[in-house]
Amino acid sequence: MSIEEKFNQAKGSLKEGLGKLTGDTKTQAEGTAEKLASKAKEVAEDAKGAVEGAITGVKNIIKKDEE
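These remarks concern the structure in this document. These figures come from a predicted structure and were not determined experimentally.

Calculation notes
- Residues numbered from 1 in each chain as written.
- Predicted model: local features only at pLDDT ≥ 70, side-chain atom pairs only at ≥ 80, totals over all residues.
- Heavy atoms only, no water.
- Helix = DSSP H or I, 4+ residues; strand = E, 2+ residues; numbered from the N terminus.
- Buried < 20%, exposed > 50% of the residue type's maximum accessible area, 1.4 Å probe, protein only.
- Contact = heavy atoms within 4.5 Å.
- Areas by Shrake-Rupley, 256 points an atom, 1.4 Å probe, with all protein chains shown as cover.
- Lys, Arg positive; Asp, Glu negative; His and termini not counted.
- Charge placed at Lys NZ, Arg CZ, Asp CG, Glu CD.
- Expected span 1.5 Å × (residues − 1).
- Arc of directions from axis to C-beta.

## Points about the overall build of the protein chain
Each helix and strand counted, the protein chain has two helices and zero strands in total. With the C-alpha coordinates of the protein chain rotated into their principal frame, the extents come out at 65 × 15 × 10 Å. Within the protein chain, buried positions represent 16% of all 67 residues. The contacts in the protein chain between residues at least 6 apart in sequence include a share of 42% that link residues at least 24 apart. If you sum the accessible surface of the protein chain, you get close to 5100 Å²; carbon and sulfur atoms cover 63% of it. Separation between the mean location of the 12 positive side-chain charges and that of the 13 negative ones in the protein chain comes to 3 Å.

Here you go:
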């Protein structure tokens, strides 16, 4: 979980809320897009970490079997 991506999600949410409040659909859409893009990056980072952890686990199992 990246602090930077959490910050960008919050920033997107604020921009989206400001757009709703002022009736500015462009700002609202930009905020929604920023929020979703940051969430997607965060999910990708988490998935990458999980895959790397699984690979390390498999390597450790193989290493133990070879001993």
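## Describing helix α2 (residues 25–66)
Spanning 42 residues, α2 covers 61 Å between terminal C-alpha atoms, matching the ideal 62 Å at 1.5 Å per step. On its buried face, α2 is in contact with α1 (3–22).

## Remarks on α1
Across its 20 residues, α1 extends 28 Å between first and last C-alpha, which sits within 8% of the 28 Å expected from 1.5 Å per residue. When we look at burial in α1, the residues that qualify are E5, N8, Q9, G12, E16 and G19. Taken around the axis of α1, the buried residues stretch over an arc of 105 degrees, which confines them to a single face. Those residues of α1 that are exposed and aimed more than 90 degrees away from the buried face are I3, F7, L14, L21 and T22. The inward-facing, buried residues of α1 abut α2. Once α1 ends, the next one or two residues include G23, with phi positive near 80 degrees.

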